[in-house]
Amino acid sequence: MKAKETLTEFYALHGKGASNISPFNVYRRESFECSAHLEPVYRRDFYKISMISGGTGILSYADRFIKIDRPCVVFLNPLIPYSWEPTSAVQTGYFCLFTEDFVNPSLKNESLSKSVLFKAGGDHIFFPTADSIEFLKTVYENMLKEVQSDYHHKYELLRSYVQIIMHEVMKMQPPPTFHKHLNASERIHTLFFELLENQFFINSPDKVLSLKNANEFASQLNVHTNHLNKILKETTGKTTTEWISERIIKEAKSLLHFSNWDISEIAYCLGFEHSSNFIIFFKKKTGESPNRFRKRVLSIS
């Protein structure tokens, strides 16, 4: 199984030529031959926001799948391996595709940086009301017009439309945990896992984890390392270091499976100065070397 599908390969699979390649594009689903193909399960190197207004199918992503039999909005990013298997001949709606170049700092502002679009975990499928569906149809139609325009700042405008879609879907999310009355230990516990998970938006071998050990996490949370460790041990049964190690191993396995980065690149982005240290760490935690793990999972994919 190949590690990642590029945007060029995606267009080729669906009968589109190289002239379609741009930082952002948007389509009506019925005009894109999306009903004709079962997409293999692997990562893409681009983002995709789909609004499925008609048709049924099975969306598989990460380690789960869901049968889609009603209108929904789906957010997918380069960290998520996924596939779409249509189960009806008619497929209607819209989707937009965009590259990392399109995702500038204004799109990753404070309110949206923790949204589903930029996270590997969490929910990625939302079921809007009929009113929201009609509203989103209008947004997508506006994007269809704008992407064909000669307006000099059209990509800025298109980013604004993407933000509108994201905000509309965020209204459907349950109230965030910070609205709950948490005691100090619960708050530190919650913030630790938010920091830990937010570390792993790794979509480039040049990006390095900023928090790599218990001391750095404790400093970020403004608590003593021993205090953080005590809280996690009491609430989860595992130490800070154990949780960090488990999450690094999980990400390492994912990158070995779904990326084409070499071992030294994976080691570097996961915070290991020398690839030999990463190899020792990985083998100690899993019982096999990174290369052996990669060959094994790719042989059975």
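In this text, all values refer to a predicted model and were calculated from it rather than measured experimentally. (Residues numbered from 1 in each chain as written. Predicted model: local features only at pLDDT ≥ 70, side-chain atom pairs only at ≥ 80, totals over all residues. Heavy atoms only, no water.)

Details of the overall build of the chain
Next, step 1: Scanning the chain from terminus to terminus reveals 10 helices and 10 strands.
Next, step 2: Every one of the 301 residues in the chain was classed for burial, and the buried ones make up 44%.
Next, step 3: Here the analysis covers contacts within the chain between residues at least 6 apart in sequence; of these, 73% occur between residues at least 24 apart.
Next, step 4: Taken as a whole, the chain presents about 15400 Å² of accessible surface, with 52% of it coming from carbon and sulfur. (Helix = DSSP H or I, 4+ residues; strand = E, 2+ residues; numbered from the N terminus. Buried < 20%, exposed > 50% of the residue type's maximum accessible area, 1.4 Å probe, protein only. Contact = heavy atoms within 4.5 Å. Areas by Shrake-Rupley, 256 points an atom, 1.4 Å probe, with all protein chains shown as cover.)

What to know about the packing of helix α4 (residues 184–198) against helix α6 (residues 225–236)
Next, step 1: Running from amino to carboxyl end, α4 crosses α6 at an angle of 95 degrees, the nearest separation of the two axes being 10 Å. In terms of their interaxial angle, α4 and α6 are classed as roughly perpendicular. Here S185, I188, H189, F192 and F193 of α4 come into contact with α6, specifically with H227, L228, I231, L232, T235 and T236.
Next, step 2: Looking at the contact of α4 with α6, its residues break down into 6 nonpolar, 5 polar and no charged. (Axes fitted to C-alpha atoms, helices over the stretch in contact; angles between N-to-C directions. Parallel < 35°, antiparallel > 145°, perpendicular 65-115°, else oblique. Nonpolar A, V, L, I, M, F, W, Y, C, P; charged D, E, K, R; others polar.)

Let's talk about the pattern of salt bridges
Next, step 1: All told, the structure shown has 9 salt bridges when counted by the stated rule.
Next, step 2: Between E134 and K137 there is a salt bridge whose closest N-O contact spans 3.4 Å. Within this pair, E134 and its partner K137 are both found in helix α2 (residues 130–147), separated by 3 residues, close to a single helical turn.
Next, step 3: You can call E134 partly exposed: its relative accessible area is 46%.
Next, step 4: Accessibility expressed as a relative area gives 26% for K137, which makes it partly exposed. (Salt bridge = Lys/Arg side-chain N within 4 Å of Asp/Glu carboxyl O.)

A closer look at the packing of aromatic side chains
Next, step 1: Applying the stated criterion across every chain, the model contains 15 aromatic pairs.
Next, step 2: On the basis of an interplanar angle of 35 degrees and a centroid distance of 5.6 Å, the ring pair of Y27 and F95 is categorised as tilted. Of the two residues, Y27 sits in strand β2 (residues 24–28) while F95 sits in strand β9 (residues 92–98), which places them 68 residues apart along the sequence. F95 shares its class with Y27; the two are buried.
Next, step 3: Ring geometry for F192 versus F193: centroids 5.0 Å apart, planes at 75 degrees, classification edge-to-face.
Next, step 4: Take F193: its relative accessible area is 23%, and that puts it in the partly exposed class.
Next, step 5: Every member of this aromatic cluster is reached through a ring pair, and the members are F24, Y47, F98, F102 and Y155. (Phe/Tyr/Trp six-rings, centres within 6.5 Å; stacked < 30°, edge-to-face > 60°.)

Some details on the pairing of strand β7 (residues 72–76)
Next, step 1: For β7, the tally of buried residues reaches 5 of 5 residues, placing the bulk of the element in the interior.
Next, step 2: Where strand β4 (residues 47–54) meets β7, 5 bridges bridge the pair, whose relative direction is antiparallel. Following the sheet pairing, K48 is matched in β7 by L76.
Next, step 3: One ladder, built from 2 bridges, connects β7 with strand β10 (residues 125–126); its direction is antiparallel. Note on β10: the bridge partner recorded for V74 is I125. (Pairing = 2+ DSSP bridges.)

Some details on the environment of Y82
Next, step 1: Assignment of secondary structure puts Y82 in strand β8 (residues 82–86).
Next, step 2: Y82 sits 38 residues away from R44 along the chain, and the two C-alpha atoms are 8.5 Å apart.

Some details on the side chain of S50
Next, step 1: Mapped onto the secondary structure, S50 falls in strand β4.
Next, step 2: Apart from residues lying up to four places away in sequence, S50 is in contact with C72, V73, V74, Y94, F95 and Y140.

Considering helix α9 (residues 275–286)
Next, step 1: Counted at 1.5 Å a residue, the expected span for α9 with its 12 residues is 16 Å, and the 16 Å between its end C-alpha atoms agrees.
Next, step 2: The complete set of buried residues in α9 reads F278, F281 and F282. Down the axis of α9, the buried side of the element spans an arc of 95 degrees, and every buried residue falls inside it. Every exposed residue of α9 that faces more than 90 degrees away from the buried side is listed here: I280 and K284.
Next, step 3: Tucked inside the fold, the buried residues of α9 contact α7 (240–258), α8 (263–269) and α10 (290–299).
Next, step 4: Downstream of α9 by a residue or two, G287 has a phi angle that is positive, lying close to 90 degrees. (Expected span 1.5 Å × (residues − 1). Arc of directions from axis to C-beta.)

Some remarks on the sheet that holds β9
Sheets are built from strands paired through backbone hydrogen bonds, the pairs being either parallel or antiparallel.
Next, step 1: Read from one edge to the other, the open sheet built from 5 strands follows the order β2-β9-β4-β7-β10, with strand pairing classed as antiparallel. The sheet is open, and its two edges are formed by β2 and β10, each paired on a single side.
Next, step 2: Across the face of the sheet, α2 comes into contact with β2, β4, β7 and β9 while running at roughly 125 degrees to β2.
Next, step 3: Along the sheet, helix α3 (residues 154–170) contacts β2, β4, β7, β9 and β10; its crossing angle with β7, the most-contacted strand, is approximately 120 degrees.

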